Amino acid sequence: MAQLLEVRWHGRGGQGAKTAGYILAVAAAEQGKQVQAFPEYGAERRGAPLRSYVRISDRPIRLRCSVRRPEIVIVLDPSLVESENVADGIVPGGLILVNTSESPSRVRAKIGQPDVKIATVDANAISMETIGRPIPNTPMLGALARLRPDVVTLEAAEAAVKATLGEKLSADIIERNVQAVGRAYQEVQVE
Amino acid sequence: MGKLIPMEGNQAVAEAMRQINPDVVAAYPITPSTEAVQIFARFVADGLVDTNYVAVESEHSAMSACIAASLAGARVMNVTAAQGLALMWEMLYIAASMRTPVVLSVANRALSGNINIHCDHSDAMGARDAGWIQLWGENVQEAYDNLIQAVVIGERRDVRLPVMNNYDGFLVSHSYELMELEEDAAVREFVGEPVYVRPMLDVSNPYTVGALDLWDFYHEHKRGQWEAYGPAKQAVVEVGQAFGERFGRYYGLLDPYYLDDADLVIVALGSTAGTIKDVVEQRRERGEKAGLLKIRCFRPFPLEEVADALSSAKAVAVMDRAAGFGSGWGTVYPEILTALYHKGLVLPTVDYIYGLGGRMILPEEIHQVYDELAQVAAAGGTAEPLRWLGVRV
């Protein structure tokens, strides 16, 4: 892992981009890393595109600006691949992980980016089947754990989901979220 | 030893309030400080604190209730930002004049208009002469630590002044980062029991506050209030030292970074100091003597300490996140010049107005400031001492 790893989440208001960033930060902190996670606030409303950011490092994080050169980009809504410049500033060799039913090559046909890895997982379908609602944020962490275990392991992702959602949700819903994490870990495709 | 956990700025403020367990909180939530009040209200509802939570209809009423409760002998807290602080205006002066050690956390946000919810320092800077002690934090840890210290500083018998705990809106209030959450018992022990000074509800010793006070005594009363700011400055130093001895994180009036041998110095407060530290490190690696002077305590202003800290600099840039409209400068810069002048120091200085209404400040822009500062130092001065950073013209 780079000395400072920067992650950018693209989502729509209500999809849990902020929570996902927080869970990733908790997971990384559990693994002994320094973390910073924050959303980019505008005039919030459900459905509007928004970004959130995570920094992970071995050293204390002092920087106070949005992530502009991410190593990892995670897209929570398939439609944002076409309406937002999700690859903006991504470093060569980086990873773009998209919640979509489409294959990585279909996504690459839309956004190009020969120098980065593209991965896809149908997190909406997974969350519908496990949680019963289209909440793609927790399964995306499972997919990330498969692709970048140096950033977050499956165990750390599951533990962080339990620890953070445990403050707000019932044991049953949390268990379904953990199942969703595991399913996405299995089903993610990368190219 | 506290526990290292990821926490959002507002949550950290609410946790400190829970641990301190104030007698009264009267608040009217406002972005970006809302969550602090919301989380604390849940602590009240869950019975985790003994606090009497007063739901008021405006910030003006919130501060009024705080002052009254403090006069009655309670330990009192409140949280606000921007327009909320502005609506408290007249009560801020009264809180200081009545010598009520109210503790107010402010998630610093731009004042309207136009309407903006993001960070700058115009809210607290506008209140800088209201008589409050002002602490400025850089990150979540400091928002938490400063709040705990604020209680002790304000309540000291020789101080008895309200304290403002400033932390940058969104940049700190909504940032999750690792911080050390101390044990409840340790925090309670550090803040101690409230010091009740002449509580008004002591019916056997009645007295009057806020009475008509005209040309015959008002002048003397203000002079009396003036006397408190020397001890207040001392209290900030001593409580910061005691906090360090207890929890391992030491605080003072200023927070210097690579300052001792620095030629080019940036002065800043709030979260931007973090970005500047990263840039200082990069410039030091190149062999440039760059440094940072972070001002932690802006009121009382550490005049002598600032002058001492800057005495060997070749050029100084001041980062101002509030415009002093009509003054020709930002709000911090004139204070720095005052400090230098009183020490007989004449050196090249530049004032940078930046980051208004949440405009992002990038490391590249801090590099730009150091580059320009190097030119100003080489030229021995500048014909352009006021610059707007990152503005589209």
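Residues numbered from 1 in each chain as written. Chains lettered and ligands numbered in written order. Predicted model: local features only at pLDDT ≥ 70, side-chain atom pairs only at ≥ 80, totals over all residues. Heavy atoms only, no water.

### Digging into the packing of helix α1 (residues 17–30) of chain A against helix α6 (residues 154–165) of chain A
Residues and elements named next belong to chain A.
Turning to step 1, where the next piece is worked out: Closest axis-to-axis distance for the α1/α6 pair is 8 Å, and the angle between their directions is 120 degrees. One element, α1, and the other, α6, form an angle in the oblique class. Crossing geometry of α1 relative to α6 is assigned as right-handed. Contacts from T19, Y22, I23, V26 and A27 of α1 reach α6 at A156, A157, A160, V161, T164 and L165.
Turning to step 2, where the next piece is worked out: Residue classes in the contact of α1 with α6 are distributed as nine nonpolar, two polar and no charged. (Axes fitted to C-alpha atoms, helices over the stretch in contact; angles between N-to-C directions. Helix = DSSP H or I, 4+ residues; strand = E, 2+ residues; numbered from the N terminus. Parallel < 35°, antiparallel > 145°, perpendicular 65-115°, else oblique. Left-handed = near helix turned anticlockwise from the far one by under 90°. Contact = heavy atoms within 4.5 Å. Nonpolar A, V, L, I, M, F, W, Y, C, P; charged D, E, K, R; others polar.)

### Comments concerning the pattern of salt bridges
Turning to step 1, where the next piece is worked out: Taken as a whole and assessed by the stated rule, the structure comprises 45 salt bridges over all chains.
Turning to step 2, where the next piece is worked out: A salt bridge links A:R148 to A:D150, with the shortest nitrogen-to-oxygen separation between them at 2.9 Å.
Turning to step 3, where the next piece is worked out: Since its relative accessible area comes to 14%, A:R148 is described here as buried.
Turning to step 4, where the next piece is worked out: For A:D150, a relative accessible area of 35% corresponds to the partly exposed category.
Turning to step 5, where the next piece is worked out: Between A:R183 and A:E187 there is a salt bridge whose closest N-O contact spans 2.5 Å. Here A:R183 pairs with A:E187, and both are found in helix α7 (residues 171–187), just four residues apart, close to one helical turn.
Turning to step 6, where the next piece is worked out: Taken together, the salt bridges that share partners define one network made up of B:E138, B:E142, B:D255, B:K277 and B:K294. (Salt bridge = Lys/Arg side-chain N within 4 Å of Asp/Glu carboxyl O. Buried < 20%, exposed > 50% of the residue type's maximum accessible area, 1.4 Å probe, protein only.)

### Brief notes about the sheet that holds strand β5 (residues 103–108) of chain B
All names here are of chain B.
Turning to step 1, where the next piece is worked out: The strand order across the open sheet formed by seven strands is β3-β2-β4-β5-β7-β6-β12, and the pairing between neighbours is mixed. At either margin of the open sheet sits one strand with a lone partner, and together these are β3 (52–55) and β12 (297–299). Strand after strand, the sheet turns through a mean of 20 degrees between neighbouring axes, direction not considered.
Turning to step 2, where the next piece is worked out: Across the sheet, helix α2 (residues 34–45) lies against β2 (24–27), β3, β4 (76–80) and β7 (163–168), angled at about 130 degrees from β3, the strand it touches most. (Pairing = 2+ DSSP bridges.)

### Quick look at the domain arrangement of chain B
Residues and elements named next belong to chain B.
Turning to step 1, where the next piece is worked out: One can read the domain layout of chain B as domain 1 (3–247) and domain 2 (254–388).
Turning to step 2, where the next piece is worked out: The distance between the C-alpha centroids of domain 1 and domain 2 comes to 28 Å.
Turning to step 3, where the next piece is worked out: Each partner contributes to the interface: domain 1 provides 27 residues, whereas domain 2 provides 28 residues.
Turning to step 4, where the next piece is worked out: Between domain 1 and domain 2 lies a buried interface of about 2100 Å² when both sides are counted; carbon and sulfur atoms form 53% of it.
Turning to step 5, where the next piece is worked out: At the surface where domain 1 touches domain 2, the tally comes to seven salt bridges.
Turning to step 6, where the next piece is worked out: With its nearest N and O atoms 4.0 Å apart, the salt bridge here joins R128 to E335.
Turning to step 7, where the next piece is worked out: The tally of links from domain 1 across to domain 2 stands at 17 residue pairs in polar contact (both at pLDDT 80 or more).
Turning to step 8, where the next piece is worked out: When residues of the side of domain 1 that touches domain 2 are traced back to their parent elements, those giving at least two are α6 (122–126), β6 (133–136), α7 (140–155) and α10 (229–247).
Turning to step 9, where the next piece is worked out: The residue inventory of the side of domain 1 that touches domain 2, partitioned by class, reads 12 nonpolar, eight polar and seven charged. (Domains from an automatic or database assignment. Buried area = accessible area lost by both parts, 1.4 Å probe. Polar contact = N/O pair within 3.5 Å; in protein donor to acceptor, adjacent residues only side chain to side chain.)

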